[in-house]
Amino acid sequence: FGGGRPSILMDIGILLFVGAVLFSVVTLPVEFNASRRAMALLQERGFLNQAELDGAAKVLKAAALTYVASTAMAVMQLVRMLLIRGSRD
């Protein structure tokens with residue numbers, strides 16, 4: 001494709017990936033809010049005792065942090081794609 005310059009397919013792929021990264025960043029607060037709402041619901045409805053609530057809070061925090069890790073990886077992958085594209089200019 002295209003003798004040394006970046007192909008239009010690479011540019012389209014990068015643009016689509018930018019959309020995915022933006023979506024991931026935008027959904028981070030939603031995920032953290034979902035964990036907070038879940039904890040509030042578990043407490044107010046009395047589904048768990050205090051010891052179980054502590055464990056549930058840790059699990060929900062860990063679950064939310066998986067979204068942070070996923071977003072960080074997506075951002076790093078985007079940077080990698082941009083560097084590869086730049087090296088082909």
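Only a predicted model underlies this, so the values are computations on that prediction, with no experimental measurement involved.

Caption draft 1: Representation of the overall build of the protein. Each helix and strand in the protein was counted, giving two helices and zero strands. Taking all 89 residues of the protein together, the buried fraction comes to 16%. Nonlocal contacts in the protein, meaning residues at least 24 apart in sequence, comprise 72% of its contacts between residues at least 6 apart. Accessible surface for the protein amounts to roughly 6,500 Å². Of this, 68% is attributable to carbon and sulfur atoms. Treating the 9 positive side-chain charges of the protein as one cloud and the 6 negative ones as another, the clouds have centres 7 Å apart.

Caption draft 2: Seen up close, a nonpolar patch on the surface. Among the surface-exposed residues, Ile 8, Leu 9, Ile 12 and Leu 16 lie close enough to one another that they form a single nonpolar patch of about 430 Å² accessible area. With respect to the element layout, Leu 9 can be found in helix α1 (residues 8–44). Given a relative accessible area of 52%, Leu 9 falls into the exposed group.

Caption draft 3: Just the side chain of Ser 35, in detail. Inspection of the secondary structure assignment puts Ser 35 in helix α1. Classification of Ser 35 by relative accessible area gives buried; the value is 14%. Apart from the residues within four sequence positions on either side, Ser 35 is in contact with Leu 60 and Ala 64.

Caption draft 4: Expanded view of the pattern of salt bridges. Throughout the structure, instances matching the rule amount to one salt bridge. Close ionic contact of Arg 85 with Asp 11 constitutes a salt bridge, the shortest N to O distance being 2.5 Å. Placement of Arg 85 in helix α2 (residues 50–87) and of Asp 11 in helix α1 is noted, with a sequence separation of 74 residues between them. The exposure class assigned to Arg 85 is partly exposed, which follows from its relative accessible area of 27%. By relative accessible area, which is 22% here, Asp 11 ends up partly exposed.

About the cut-offs
Residues numbered from 1 in each chain as written. Predicted model: local features only at pLDDT ≥ 70, side-chain atom pairs only at ≥ 80, totals over all residues. Heavy atoms only, no water. Helix = DSSP H or I, 4+ residues; strand = E, 2+ residues; numbered from the N terminus. Buried < 20%, exposed > 50% of the residue type's maximum accessible area, 1.4 Å probe, protein only. Contact = heavy atoms within 4.5 Å. Areas by Shrake-Rupley, 256 points an atom, 1.4 Å probe, with all protein chains shown as cover. Lys, Arg positive; Asp, Glu negative; His and termini not counted. Charge placed at Lys NZ, Arg CZ, Asp CG, Glu CD. Patch = residues over 30% accessible without salt bridge, like charges linked within 9 Å, V, L, I, M, F, W, Y side chains within 5 Å. Salt bridge = Lys/Arg side-chain N within 4 Å of Asp/Glu carboxyl O.

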